[in-house]
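Listed below, chain by chain, are the residues.
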Amino acid sequence: MLASRTTEIRLAFAFFLSAASIWSISLLVTNATAGQTMSCGQGVGIAPAKVDEIAPGVYIRQGVHALMTAANRGAIANIGFVVGRDAVAVIDTGGSACGGARLRAAIVARTGLPIRYVINTHVHPDHIFGNAAFLADKPEFIGHHRLARALAMRGAYYINVNRERMGARLLEGTKIVRPTKSVFDTLTLDLGDRKLVLTANETAHTDHDLTVFDQKTATLWTGDLLFREHLPVVDGSLLGWLRVIDKLALLKVAWAIPGHGSVAGNWPDALAPQRRYLTTLANDLRKFIETGRTMSEAVADAAQSEKANWRLFNEFNSRNATAGFAELEWE
Amino acid sequence: MTSKKIVERAEFTNRGSSRRAALIALGRTIAIVFALSLSATPSMAGDDVWPELKTEIFGERTIHDGNAQLSLDAPYRAQDAALVPITIKTAVPQSPAHKIKTITLVIDENPVPVAAVFHLAPNSGIAQLSTRVRINAYSHVRAIAEMNDGKLYMVSRFVKASGGCSAPASKNQDQAIAEMGKMRLRQYMKATTPGDRPGKTREAQLQIRHPNHSGLQMDQLTGYYLHAHYVEKIEIKQGVSLILTIDGAISLSEDPTVRFSYTPVSKEKLQVRVVDSEGKIFSGSWSFQEASEKNM
């Protein structure tokens, strides 16, 4: 069988890049044993993140509505922590090693209790890139049982892409940290007179979304199962997400902390705009499919009626429509 | 440095004539490819790879400007590099004297640049073809038509996309694998291009569930490559009459799909046979749908 020289070189280069990734990842992947100092900014003391206490013992660092950039240091998702009598649990760690360090500084400024758990709601870089800041605390790193696979498949890719987008300096110290504990259905953590119930969801925003419920204050950390103001981003299943929204709506929730957007006190009404967008998108796409229109046509027009209701609509709607069209073709 | 064990990948088999090799074969183990990689010179952004690619695929044959013969539609900036829709249309009505025999779809910067070869059956009346591809880097995408007189005509577009082949594409991996081989065929009645007779020409879209693993996606933790496993050949017939054959490889998106216009020769069933790179065979057949108000 004849192999052409150009393709050999092309494939070899692709493997070379992948090989380089293996070698660099073997340095970056850790089982939460190594503690390392990392730079944050210019090497001056780490300024604690600004966090809000939205319910007793429940703190969040609000993200900005933007794509991950050097200027915003990837701080685009809501992250935070819960303080119990005996221990602290962190929920998502931000979009850079620095972001994680700043969150940790905010915790340390408020309590001397051990950080026992670092929970990741899903794999997207704005939620996990700060994990390494907590290695020295030797916590359990917890995720949905499919998070480990997602990290394995995407970790190096996210680091490479964001090194280009945000710059190498910001990515310094960013490591992919493997989960030490997986949630298959539910898992309850006790922070000392304070229980957190973690739930693994069916494929929705991603194929491994994890929610965290603080029983003491009835606060639900939704991860990216809820977007407010920022357009929801489909990276799992459009139809699955609509099912999960209906399930979440049945919960008794006092405060909902979305992955992106402002904290909500009006559950389940807080779900309504997102449900409306995803339903509109699905129905528009179905019409295009039924009338024999193409993906290109659908992607330009679907859900345009929602444009004024969301931030970053242009950045993500066509991409959602692409994914949704391919999914709904099989309905 | 810890060394990682690399699983031997499936071979890309060669199809078609040696001159116009539709898919490039790679009959060597990854160990050798790695050795090669350490000495290889990667193509730098800005290098034009087309001249060498052209010689590899088409030898010394002349390729004419094809803008009067056919058109290629592709987004300038892809929404999703693993799911880029492209459409090829004939610009002149096909006649027995002058018609397209094959269309080769090339994505310059992809690891396997020949994304697909479409073989149009002589009486198929195919005037339009759409599919979805992976694009790995900002690249020219080219459609080269071979006419029944042997002449070659090319059109191209530049598409800004990256990471389509090596980036994780699957949003719902477990489903993709569980449903592998399932197919759908949609039938549309509308006429599509000038010169076609309404009601005679129609469109169909074939959907195939298949992960179409590129073999370039790696499990970072174990160092194992996801085994390349992709749709290699699609054969679409009406009764026993061939309409369209497609040779494909890793540049086709997950759940390969093709939409095409054609002129039915009868009311016999549409039959599809798919073979993948592991030799798995999937078949389907669908009753020919009569034109009705519902689907006009």
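1. Topic: the overall build of chain A
Turning to step 1, where the next piece is worked out: On a plain count of helices and strands, chain A comes out with nine helices and 12 strands.
Turning to step 2, where the next piece is worked out: For chain A, the share of sequence-separated contacts (at least 6 apart) that also reach a separation of at least 24 residues comes to 69%.
Turning to step 3, where the next piece is worked out: A total of about 12600 Å² of accessible surface is found on chain A, and carbon and sulfur atoms cover 53% of it.

2. Notes on the packing of aromatic side chains
Turning to step 1, where the next piece is worked out: Applying the stated rule across the entire model yields five aromatic pairs over all chains.
Turning to step 2, where the next piece is worked out: Seen in terms of ring centroids, A:Tyr59 and A:Phe81 are 4.7 Å apart; in terms of plane orientation they differ by 10 degrees. Their pairing is stacked. Placement of the pair is A:Tyr59 in strand 2 (residues 58-61) and A:Phe81 in strand 3 (residues 79-83), with a sequence separation of 22 residues.
Turning to step 3, where the next piece is worked out: On the basis of relative accessibility, which here comes to 12%, the residue A:Tyr59 falls in the buried class.
Turning to step 4, where the next piece is worked out: Taking the relative accessible area as the measure of exposure, A:Phe81 reaches 0% and is therefore buried.
Turning to step 5, where the next piece is worked out: Above the ring of A:Trp330, the side-chain terminus of B:Arg209 is found at 4.3 Å from the ring centroid.

3. A few points about the nonpolar core
Turning to step 1, where the next piece is worked out: In terms of nonpolar packing, the biggest core is built from 49 residues, with B:Phe118, B:Leu206 and B:Leu244 touching the most fellow members.
Turning to step 2, where the next piece is worked out: Once residues within four sequence positions are removed from consideration, B:Phe118 is found in contact with B:Ile88, B:Lys101, B:Thr102, B:Ile103, B:Leu105, B:Leu129, B:Thr131, B:Leu244, B:Thr245, B:Ile246 and B:Val258.
Turning to step 3, where the next piece is worked out: Formed by 46 residues, the second largest nonpolar core is a distinct cluster that contains A:Trp241, A:Ala264, A:Leu281 and A:Ala298.

4. Topic: the confidence of the model for chain A
Turning to step 1, where the next piece is worked out: Mean pLDDT over chain A stands at 90; residues scoring 70 or higher make up 87%.
Turning to step 2, where the next piece is worked out: Segment residues 19-39 of chain A: pLDDT under 50, and 38 contacts once partners within four positions in sequence are set aside and those in other chains are kept.

5. As for helix 2 (residues 50-58) of chain B
Turning to step 1, where the next piece is worked out: All buried positions along helix 2 of chain B are accounted for by B:Trp50, B:Leu53, B:Lys54, B:Ile57 and B:Phe58. Looking straight down helix 2 of chain B, one finds its buried side chains confined to an arc of 100 degrees; they lie on one side.

6. Examining the packing of helix 7 (residues 272-290) of chain A against helix 9 (residues 313-328) of chain A
Between two packed helices, both the angle of their axes relative to each other and the distance between the axes serve to describe the pair.
Residue and element names in this part refer to chain A.
Turning to step 1, where the next piece is worked out: Two elements in contact, helix 7 and helix 9, have axes separated by 10 Å at closest approach and are oriented at 55 degrees. Considered as vectors, helix 7 and helix 9 are oriented oblique to each other. The hand of the helix 7/helix 9 crossing is right-handed. Across the interface between the two elements, Tyr-277, Leu-281, Ala-282, Leu-285, Arg-286, Phe-288 and Ile-289 from helix 7 touch Phe-313, Asn-317, Asn-320, Ala-321, Gly-324, Phe-325 and Leu-328 from helix 9.

7. Notes on the sheet that holds strand 11 (residues 219-227) of chain A
Residue and element names in this part refer to chain A.
Turning to step 1, where the next piece is worked out: As summarised here, the arrangement of the five strands in space is 8-9-10-11-12, forming an open sheet in which the pairing is mixed. Every interior strand has two partners, whereas the edge strands, strand 8 (186-190) and strand 12 (255-260), have only one. Within the sheet, the average angular offset between the axes of one strand and its neighbour, ignoring direction, is 25 degrees.
Turning to step 2, where the next piece is worked out: Relative to strand 9 (residues 195-200), strand 8 runs antiparallel, the two sharing five bridges. In the sheet register, Thr-188 faces strand 9, and the bridge partner there is Val-197.
Turning to step 3, where the next piece is worked out: With respect to the sheet, helix 6 (residues 238-249) is in contact with strand 10 (210-214) and strand 11, its orientation differing from that of strand 11 by roughly 160 degrees.

8. Concerning the side chain of A:Thr222
Turning to step 1, where the next piece is worked out: Locating A:Thr222 in the fold gives a position in strand 11.
Turning to step 2, where the next piece is worked out: In contact with A:Thr222, not counting residues within four places along its chain, are A:Leu210, A:Thr211, A:Ile257, A:Pro258, A:Gly259 and A:Trp267.

9. Observations concerning the pairing of strand 3 of chain A
Residues and elements named next belong to chain A.
Turning to step 1, where the next piece is worked out: Of all five residues making up strand 3, five are buried, and the element is well covered by its neighbours.
Turning to step 2, where the next piece is worked out: What you see with strand 3 is no split at all: Ile-79, Phe-81 and Val-83 on one side and Gly-80 and Val-82 on the other are buried throughout.
Turning to step 3, where the next piece is worked out: Where strand 2 and strand 3 come together, four bridges link them in antiparallel fashion. For Ile-60, the partnering residue across the bridge sits in strand 3 and is Gly-80.
Turning to step 4, where the next piece is worked out: Pairing of strand 3 with strand 4 (residues 88-91), which is carried by four bridges, proceeds in the antiparallel orientation. Across the sheet, Val-82 pairs through a bridge with Ala-89, a residue of strand 4.

10. What to know about the sheet that holds strand 4 (residues 100-107) of chain B
Residues and elements named next belong to chain B.
Turning to step 1, where the next piece is worked out: On the basis of which strands lie adjacent, the open sheet formed by nine strands has the order 1-8-7-4-5-12-11-14-15 and mixed pairing. Unpaired on one side and paired on the other, strand 1 (63-65) and strand 15 (281-286) mark the two borders of the sheet. When strand polarity is set aside, the average angle formed by the axes of neighbouring strands in this sheet is 20 degrees.
Turning to step 2, where the next piece is worked out: With three bridges joining them, strand 1 and strand 8 (residues 152-159) adopt parallel strand pairing. Directly across from Asp-65, in strand 8, lies its bridge partner Met-154.
Turning to step 3, where the next piece is worked out: Of the strands in this sheet, strand 1, strand 4, strand 5 (114-120), strand 7 (139-147) and strand 8 touch helix 2, which is tilted by about 140 degrees from strand 4.

The rules behind these values
- Residues numbered from 1 in each chain as written.
- Chains lettered and ligands numbered in written order.
- Predicted model: local features only at pLDDT ≥ 70, side-chain atom pairs only at ≥ 80, totals over all residues.
- Heavy atoms only, no water.
- Helix = DSSP H or I, 4+ residues; strand = E, 2+ residues; numbered from the N terminus.
- Contact = heavy atoms within 4.5 Å.
- Areas by Shrake-Rupley, 256 points an atom, 1.4 Å probe, with all protein chains shown as cover.
- Phe/Tyr/Trp six-rings, centres within 6.5 Å; stacked < 30°, edge-to-face > 60°.
- Buried < 20%, exposed > 50% of the residue type's maximum accessible area, 1.4 Å probe, protein only.
- Lys NZ or Arg CZ within 6 Å of the ring centre and 35° of its normal.
- Core = buried A, V, L, I, M, F, W, Y, C linked by side-chain atoms within 4.5 Å.
- pLDDT = per-residue confidence, 0-100.
- Arc of directions from axis to C-beta.
- Axes fitted to C-alpha atoms, helices over the stretch in contact; angles between N-to-C directions.
- Parallel < 35°, antiparallel > 145°, perpendicular 65-115°, else oblique.
- Left-handed = near helix turned anticlockwise from the far one by under 90°.
- Pairing = 2+ DSSP bridges.

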